[in-house]
Amino acid sequence: MITVGDVLALPVFESVRLAAPCEGFAGRPVVNAGILDEEPPANGYREFFPNEFILSSLGFARRDPALAERAIVSVMECGVAALAIKPAAQNAIGPRVIELSERRGIPILFYEGRYYEQILSSVLSLIRTDQEQSSKSRLIDGLVADRVAADVRASMYDIARATGATLQCFAVQPVGGDDCSLYAELSALSSVLASFRKDWGSVETAYACRYHDCLLAFVSYSRPPIDGRSHSEPDLIGRIEAMSSVRCGVSEEVPLGEGDLAVRQARFALERARGSESTVVRWADLGVDAFHAAARADRLFARTSALYMRELELHDQCNDTDLLATARAFAEAFGDVRSAAEALYQHPNTVRYRLRKIKAVLGMPDSSDRELARFLSLVFV
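A. Geometry of the packing of helix α8 (residues 259–274) against helix α9 (residues 288–297). Two numbers describe how α8 lies on α9: the axes approach to 11 Å, and their chain directions differ by 120°. By the angle between their axes, α8 is oblique relative to α9. For α8 against α9, the interelement crossing comes out right-handed. In contact with Arg264, Phe268 and Arg272 of α8, α9 contributes Asp289, Ala293, Arg296 and Ala297. Of the residues that constitute the contact of α8 with α9, the class distribution is three nonpolar, no polar and four charged.

Dropping the structure here:
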């Protein structure tokens with residue numbers, strides 16, 4: 001969804017100032033744009049509707065503050081997203097408008113920028129682009145649900161016209177992370193993919209689209225790589241890194257019918273890139289973290305893990321104990337009692353006593369500490 005903040009970030013605006021305090025205005029959704037160029041009829045404006053971004057110079061008011069105020073109030077009564085005024089006839093607003101702006105959260109903005117037509121065209125173009133990309137996001141949302149290979153291949157064709165034997169996904173996000181920079185990078189990424197496809201004969205499809213807070217690049221190949229990894233991968237990673245300041249998560253190359261897995265892998269690798277010094281993180285290099293991600297992605301596994309954590313948590317709440325923290329420390333210490341005790345700042349005998357309690361609560365009183373450690377390593381994966 002495009003917001004007021006996205007609109008104001010367009011280069012058609014040279015400067016913008018807020019006429020009155022309006023908390024959270026940048027997040028207001030924008031679904032259309034229009035121009036206010038005539039004074040309101042007796043029954044108010046009927047052509048404007050909620051969440052429109054309205055442009056005006058208030059030229060029809062001819063320096064008549066009362067008429068200008070009546071027009072502004074009438075527009076705000078329509079529930080518009082924002083009113084942006086080019087200060088030709090008016091450069092300030094009165095107390096009544098200020099109060100209404102604050103109360104309804106509708107910002108009144110004074111701006112300098114290009115002609116109405118250019119701004120209107122830019123805003124509508126941004127909205128159309130967002131609608132197109134949102135439809136892609138919905139398709140991908142369906143893709144990442146558990147599905148059979150034939151359905152996944154069909155979805156990959158609908159999303160990216162992808163054909164071929166295998167597919168690789170690259171999740172890309174500008175370091176800034178805002179929507180406008182996403183659309184700017186989408187154009188750059190599409191150009192990179194076009195040249196990449198031209199240079200590598202094994203590439204069947206190379207396509208990019210927005211997916212929620214990042215960009216996804218899909219590259220399909222006519223045949224699987226001979227040695228398990230495409231020789232073209234380092235080249236494409238280098239081209240993406242050269243675009244600008246971005247982070248990137250890279251999936252493994254999977255059969256086309258497993259494209260949903262490629263999306264999940266790339267997204268998780270991107271998440272790891274956000275929290276590391278590396279700008280590019282490959283799924284194949286994640287090691288144990290890859291298994292952690294796979295476990296959390298399985299709903300049945302996640303629900304089972306939550307079940308046992310909740311049992312320990314409820315026991316703690318009812319008996320003023322610390323079994324949950326002890327169980328987690330024991331799992332993270334790979335079953336070493338002394339290491340767990342050091343992490344908890346407790347005596348090892350205290351930890352051993354708690355482990356007996358944990359076994360009782362979890363219904364495994366006869367299990368060894370090693371068996372408990374193995375079990376808890378799954379619970380806290």
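B. Inspection of the pairing of strand β9 (residues 246–250) at higher detail. Here β9 lies mainly inside the structure; four of its five residues are buried. Sheet analysis places strand β6 (residues 166–174) next to β9, joined by five bridges and oriented antiparallel. Looking across to β9, one finds that Val172 is bridged to Cys248. Pairing of β9 with strand β11 (residues 280–282) involves three bridges; the strand directions are parallel. For Val250, the partnering residue across the bridge sits in β11 and is Arg282.

C. Representation of the pairing of β6. The element β6 is largely enclosed, with a buried count of nine among its nine residues. Going residue by residue along β6, you find Thr166, Gln168, Phe170, Val172 and Pro174 tucked away on one face and Leu167, Cys169, Ala171 and Gln173 tucked away on the opposite face as well. Two strands pair when backbone bridges link them, and β6 and strand β8 (residues 214–221) are joined in this way by seven bridges, in the antiparallel orientation. Residue pairing for β8: Phe170 is matched across the bridge by Ala217. As defined by bridge partners, β6 adjoins strand β10 (residues 254–255) across two bridges and the pair is classed as antiparallel. Each residue of the ladder has a partner; that of Leu167, found in β10, is Val254.

The rules we used
Residues numbered from 1 in each chain as written. Predicted model: local features only at pLDDT ≥ 70, side-chain atom pairs only at ≥ 80, totals over all residues. Heavy atoms only, no water. Axes fitted to C-alpha atoms, helices over the stretch in contact; angles between N-to-C directions. Helix = DSSP H or I, 4+ residues; strand = E, 2+ residues; numbered from the N terminus. Parallel < 35°, antiparallel > 145°, perpendicular 65-115°, else oblique. Left-handed = near helix turned anticlockwise from the far one by under 90°. Contact = heavy atoms within 4.5 Å. Nonpolar A, V, L, I, M, F, W, Y, C, P; charged D, E, K, R; others polar. Buried < 20%, exposed > 50% of the residue type's maximum accessible area, 1.4 Å probe, protein only. Pairing = 2+ DSSP bridges.

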